[in-house]
Amino acid sequence: MRYKDISDIEISSLLEAIYDTYGYDFREYSQAHIRRRITNRLSVSGFENVAQMQSHVLNDETFASELLQDLSITVTEMFRDPTFYRSLRDNVMPVLKTYPFIKIWHAGCASGEEAYSMAILLQEEGLYDRTTIYATDFNQLALNRAKDGIFSNKMIKEYTSNYQLAGGKESFSRYYTSNYDNVIMNQSLKKNIVWANHNLVTDSVFAEVNLILCRNVLIYFEKNLQNKVQTLFYNSLINGGVLCLGSKESLRFSDLYDQYSEIDTKQRIYKKKY
Ligand SMILES: C[S@@+](CC[C@H](N)C(=O)[O-])C[C@H]1O[C@@H](n2cnc3c(N)ncnc32)[C@H](O)[C@@H]1O
């Protein structure tokens with residue numbers, strides 16, 4: 001089935017049903033993204049149409065959780081976009097150094113690679129001991145992987161290269177121990193990370209923070225929802241706090257654009273005005 005064959009009404013009915021039954025609200029996610037994922041699940045599960053799949057979703061929690069996994073894209077990597085981390089090191093770490101205690105929020109942290117990258121950066125800048133990192137996602141399976149901090153060996157070459165391009169000061173191998181096909185991140189990186197289930201659409205502010213990273217998440221949201229989540233970030237940041245978005249995301253079209261100045265436009269790093 002091609003994804004254009006599914007009607008808008010079928011999709012909105014399915015999303016309403018998921019929201020009513022499970023509380024997950026995908027109604028303002030990008031239609032193209034939702035359509036693609038639903039079509040894919042339809043073809044692998046063998047249902048004839050969305051209505052048939054819908055009644056299954058409502059009666060089978062295992063199938064529902066598979067669909068929820070489909071709708072949340074958890075692709076991530078360590079030091080993703082190394083030039084972004086370089087800018088974080090050069091332009092944001094000096095700001096963080098001025099605070100006695102630092103709180104950082106990784107919103108949509110997936111399996112945690114981004115939070116571990118931040119812990120490494122903070123250790124190298126001598127800031128980790130006074131920092132609390134809140135790493136949140138609404139995907140519990142991804143969060144469980146994040147807590148374990150066990151990643152495939154196959155990725156290490158690329159992560160090492162990312163780390164070096166990001167201005168890493170050490171040998172990357174000092175941050176993990178190899179174990180057969182996997183690497184396990186050092187306990188010292190985990191100690192100040194709080195992993196928590198938080199839904200950006202339905203949950204509210206939980207802390208006042210100095211820095212928010214929400215990278216490659218808003219790209220899946222429609223504009224109205226992006227603005228809503230930007231309000232949540234605005235209310236969570238201290239004055240002078242820093243917001244980092246993904247390379248394909250921007251504050252420029254947000255209702256709150258005027259409330260920020262740009263620290264690094266290309267790397268999508270913004271500072272909340274005083
Ligand atoms: C593509 S990953 C981005 C991971 C990481 N930030 C990065 O840039 O590499 C998107 C993450 O956003 C999470 N996400 C999507 N909708 C969310 C929501 N409403 N609340 C919290 N997390 C959400 C997904 O579960 C997924 O783990």
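In this text the structure is predicted, and so the values were computed from the model without any measurement.

### Some points on the pairing of strand 5 (residues 182-185)
Logical step 1: Judged by which residues are buried, strand 5 turns out to be one-sided: V183 and M185 face inward and are buried, whereas N182 and I184, on the alternate face, are not.
Logical step 2: As paired strands, strand 3 (residues 150-152) and strand 5 are joined by 3 bridges and run antiparallel to one another. The residue of strand 5 that forms the bridge with F151 is V183.
Logical step 3: In terms of strand pairing, strand 4 (residues 176-179) meets strand 5 through 4 bridges, oriented antiparallel. Residue pairing for strand 5: Y176 is matched across the bridge by M185.
Logical step 4: Between strand 4 and strand 5, which pair antiparallel in sequence order, lie 2 residues; one of them, Y180, sits at a positive phi of approximately 50°.

### What to know about the sheet that holds strand 4
Hydrogen bonding along the main chain pairs the strands of a sheet, whether they run parallel or antiparallel.
Logical step 1: Read across the sheet, 3 strands follow the order 3-5-4 without closing on themselves; strand pairing throughout is antiparallel. Whereas interior strands pair on both sides, the edge strands pair on one side only; in this sheet they are strand 3 and strand 4. Strand after strand, the sheet turns through a mean of 30° between neighbouring axes, direction not considered.

### A look at the environment of D70
Logical step 1: Tracing the backbone through its elements, the reader meets D70 in helix 4 (residues 61-71).
Logical step 2: Along the chain, D70 and I34 lie 36 residues apart, while their C-alpha atoms are 9.1 Å from each other.
Logical step 3: Setting aside anything within four residues of it in sequence, one finds D70 in contact with R37 and R41.

### Looking at the domain arrangement of the chain
As a measure of interface size, the accessible area lost when the parts come together is often cited.
Logical step 1: Once the domains are mapped, the chain shows domain 1 (3-71) and domain 2 (82-272).
Logical step 2: Using only C-alpha atoms to locate each centre, domain 1 and domain 2 end up separated by 30 Å.
Logical step 3: Taken together, the contacts link 11 residues of domain 1 with 12 residues of domain 2.
Logical step 4: Both sides together, the interface formed by domain 1 and domain 2 hides about 1100 Å², and carbon and sulfur atoms give 54% of it.

### Remarks on the sheet that holds strand 6 (residues 193-197)
Logical step 1: Taken in spatial order, the 7 strands make up an open sheet running 6-2-1-7-8-10-9, and their pairing is mixed. Where the open sheet ends on each side, the last strands, each with one partner, are strand 6 and strand 9 (260-264). Neighbour-to-neighbour, the strand axes of this sheet turn through a mean angle of 20°, independent of strand direction.
Logical step 2: In terms of strand pairing, strand 2 (residues 131-137) meets strand 6 through 5 bridges, oriented parallel. Directly across from D137, in strand 6, lies its bridge partner N197.
Logical step 3: Sheet strands touched by helix 6 (residues 113-124): strand 1 (102-107), strand 2, strand 6 and strand 7 (209-214). Its angle to strand 2, the strand with the most contacts, is close to 170°.

### Notes on the packing of aromatic side chains
Logical step 1: Counting across every chain of the model gives 19 aromatic pairs.
Logical step 2: Between F79 and F172 the ring centres are 6.5 Å apart and the planes differ by 80°, which places this aromatic pair in the edge-to-face class. Highlighted residues: F79 in the loop between helix 4 and helix 5 (82-96) and F172 in the loop between helix 8 (156-165) and strand 4, separated in sequence by 93 residues. F172 shares its class with F79; the two are buried.
Logical step 3: Ring geometry for Y163 against F172: centres 5.1 Å apart, planes inclined by 35°, an arrangement best described as tilted.
Logical step 4: Residue class for Y163 comes out buried when judged on its relative accessible area of 0%.

### Some points on unusual backbone geometry
Logical step 1: You will see that F79, though not glycine, has its phi angle at about 45°, which is positive.
Logical step 2: Judged by its relative accessible area of 1%, F79 is buried.

### As for the packing of helix 1 (residues 8-22) against helix 4
Logical step 1: Viewed as axis vectors pointing N to C, helix 1 and helix 4 meet at an angle of 120°, and their least axial separation amounts to 12 Å. Classified by the angle their axes make, helix 1 and helix 4 are oblique. In this structure, helix 1 meets helix 4 at a crossing whose hand is left-handed. Contacts between helix 1 and helix 4 involve L14, I18 and Y22 from the former and E61, A64, L67 and L68 from the latter.

Rules behind the numbers
Residues numbered from 1 in each chain as written. Predicted model: local features only at pLDDT ≥ 70, side-chain atom pairs only at ≥ 80, totals over all residues. Heavy atoms only, no water. Buried < 20%, exposed > 50% of the residue type's maximum accessible area, 1.4 Å probe, protein only. Helix = DSSP H or I, 4+ residues; strand = E, 2+ residues; numbered from the N terminus. Pairing = 2+ DSSP bridges. Axes fitted to C-alpha atoms, helices over the stretch in contact; angles between N-to-C directions. Contact = heavy atoms within 4.5 Å. Domains from an automatic or database assignment. Buried area = accessible area lost by both parts, 1.4 Å probe. Phe/Tyr/Trp six-rings, centres within 6.5 Å; stacked < 30°, edge-to-face > 60°. Parallel < 35°, antiparallel > 145°, perpendicular 65-115°, else oblique. Left-handed = near helix turned anticlockwise from the far one by under 90°.

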